[in-house]
Amino acid sequence: MQDAWPPYIIDTSDYPGISVEIAQQAYASQGYQLELDIKPWSRALKEIQHGRDQIVIAAWYSAQREPQLRFSDPYLYTEIHLIARKDQQVYFGNFEDLKDKTVGIVENYAYDDDFMASPWFKRVPSSDLLSSIRKVHTGRVDLFIEDERVARWTMAENNIPPEDFNYIQPPVSLSPLYIMVARDNPNAQTYLDAFNRGLKAIQASGAYLAILHKYDTDVPNKKKPAH
C-alpha cells in the first residue's frame, strides 16, 4: 500500500519502482507475494494506523510515528536536498542561511526533525510534491525539499525541465527508507523479519544492485503510467 513516488513507487508493470522491486524480490525470496495498492499517502498512512493488515514499502522514520508503527532494517539511503529555481542562487550551510525563505513541504511526510523545528524559515505545505515543484517553478515559494531522484523523475513525468532547478549542496539529510507496518498488527514481526532476511538474500545475490542500476541509468519520461 503506497502512494506513487517515482522512481521508488511507479504505477507501471515493467518499471514498478526501486522500492517495489526491492520489496517484491526480498519477500519472494522468503515465499511471499506482494499485491501493490497505489493510493494517496495520507490515506495509506491513516489506513495502516487503523489496523489494516498491510505494509507501507517506502517510508521515512520519525519519532512521531514510533508509537503506532514499526520499521524494518533500512534498505536504501536517500539524499534529501533543498531545490530552488535555477535563477535563484541560494547558499546553504545551515538552516540560519535560509532566514526569511519559504520552503515547500508535502503534508504528512516525515522530514528531518531539525528541519521541522527550525525557526529560520517558513514551511509551506502542499498536498503532493508536484504542487510544491510548481510553486517554486512559478516563484510563489523560494525552495522545496525532496530526494533529488524523486524530484527529477516527478518533473520529467510532468513536462517540467529538471534543468530549470538548482539542487543545492550539501544535502539536508541522508534519510533511510524502511518497510513500515502497524505496531498492533499481529503479523508485524513476521512481516518485518521476512523482509529483513530477504533483503540480505538479494544483496548477497546481486539482485539488489541490479535493481538500482535499472533505475539510475534509464530515462524517467520513458515510463508511462499504466491504465
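Quick caveat, the model's predicted, so the values are computed rather than measured. (Residues numbered from 1 in each chain as written. Predicted model: local features only at pLDDT ≥ 70, side-chain atom pairs only at ≥ 80, totals over all residues. Heavy atoms only, no water.)

Enquirer: What should I look at first to understand the overall build of the protein chain in this one?
Expert: Of regular secondary structure, the protein chain possesses seven helices and eight strands. Here the protein chain has a C-alpha radius of gyration of 18 Å; the compact-globule value for 227 residues is 17 Å, and the two agree. For the protein chain, the spread of C-alpha atoms along the three principal axes comes to 50 × 40 × 35 Å. Buried positions account for 50% of the 227 residues belonging to the protein chain. Working note: accessible area of the protein chain is about 11200 Å², and carbon and sulfur atoms make up 47% of it. Of the charged side chains in the protein chain, 24 are positive and 31 negative; the average position of the first set lies 3 Å away from that of the second. (Helix = DSSP H or I, 4+ residues; strand = E, 2+ residues; numbered from the N terminus. Rg over C-alpha atoms; globule rule 2.2 N^0.38 Å. Buried < 20%, exposed > 50% of the residue type's maximum accessible area, 1.4 Å probe, protein only. Areas by Shrake-Rupley, 256 points an atom, 1.4 Å probe, with all protein chains shown as cover. Lys, Arg positive; Asp, Glu negative; His and termini not counted. Charge placed at Lys NZ, Arg CZ, Asp CG, Glu CD.)

Enquirer: Teacher, can you tell me more about helix H4 (residues 129-137) here?
Expert: Of all the positions in H4, only Leu129, Leu130, Ser132, Ile133, Lys135 and Val136 are classed as buried. On its buried face, H4 sits against strand S3 (76-85), strand S4 (102-106), strand S5 (122-126), strand S6 (143-147), helix H5 (148-157) and strand S7 (165-167). Just downstream of H4, Gly139 is the residue with a positive phi angle, here 85°. (Contact = heavy atoms within 4.5 Å.)

Enquirer: Explanation requested: the pairing of strand S8 (residues 173-182) in the structure shown.
Expert: As a general feature of sheets, a regular strand has side chains that alternate between the two faces. For S8, the tally of buried residues reaches nine of ten residues, placing the bulk of the element in the interior. When strand S2 (residues 69-71) meets S8, the two strands line up antiparallel, connected through three bridges. Across the sheet, residue Arg70 finds its bridge partner in S8, namely Val181. Here S3 runs beside S8; their pairing, made up of five bridges, is antiparallel. When the sheet's bridge partners are listed, Ile80 is paired in S8 with Ser173. (Pairing = 2+ DSSP bridges.)

Enquirer: Please explain unusual backbone geometry as it appears in this structure.
Expert: Generally, phi is negative for residues other than glycine and the peptide bonds are trans, each holding for most cases. With omega at 5°, the peptide bond leading from Pro6 into Pro7 counts as cis. Tracing the sequence through the fold places Pro7 in the segment before helix H1 (18-28). Here the amide bond leading from Gln169 into Pro170 is cis, since omega sits at -5°, within 30 degrees of zero. Within the secondary structure layout, Pro170 lies in the loop between S7 and S8. With a phi close to 70°, Asp100 is a non-glycine residue in the positive phi region. Here the phi dihedral of Asn159 falls at roughly 60°; this positive angle occurs in a residue that is not glycine.

Enquirer: Could you clarify how one ought to interpret the side chain of Glu47 in this entry?
Expert: Along the chain, Glu47 turns up in helix H2 (residues 41-49). At a separation of 2.8 Å, a polar atom in the side chain of Glu47 contacts the side chain of Lys39. (Polar contact = N/O pair within 3.5 Å; in protein donor to acceptor, adjacent residues only side chain to side chain.)

Enquirer: Honestly, the packing of aromatic side chains in this entry has me stumped. Any pointers?
Expert: For any pair of aromatic rings, the description consists of the separation of the ring centres together with the inter-plane angle of the planes. This model, assessed by the stated rule, comprises 18 aromatic pairs. Judged by centre distance (5.5 Å) and plane angle (85°), the rings of Tyr15 and Tyr215 are edge-to-face. Taken as a pair, Tyr15 in the segment before H1 and Tyr215 in helix H7 (residues 207-216) lie far apart in primary sequence, 200 residues in all. Neither residue differs from the other here; Tyr15 and Tyr215 are each classed as buried. Three or more aromatic residues joined by ring pairs make a cluster, and in this case those are Trp5, Tyr8, Trp60, Phe92, Phe95, Tyr109, Tyr111, Phe115 and Phe121. Cation over ring: Arg152 sits above Tyr167, and NZ or CZ is 4.0 Å from the ring centre. A cation over a ring is seen here: Lys214 above Tyr15, with NZ or CZ 4.7 Å from the ring centre. (Phe/Tyr/Trp six-rings, centres within 6.5 Å; stacked < 30°, edge-to-face > 60°. Lys NZ or Arg CZ within 6 Å of the ring centre and 35° of its normal.)

Enquirer: Which parts of the structure should I look at to understand the pattern of salt bridges?
Expert: Between side chains of opposite charge, pairing is possible as soon as their charged atoms come close. With the rule as written, the count across this model stands at eight salt bridges. A salt bridge links Glu47 to Lys39, with the nearest nitrogen and oxygen atoms 2.8 Å apart. For the residue pair Glu47 and Lys39, the accessibility class agrees, reading buried in each case. Between Arg43 and Glu47 there is a salt bridge whose closest N-O contact spans 3.0 Å. Residue Arg43 and its partner Glu47 are both found in helix H2; the two are separated by four residues, about one turn of the helix. Its relative accessible area of 46% is what places Arg43 among the partly exposed residues. (Salt bridge = Lys/Arg side-chain N within 4 Å of Asp/Glu carboxyl O.)

Keep in mind these numbers describe shape, not what the thing actually does.
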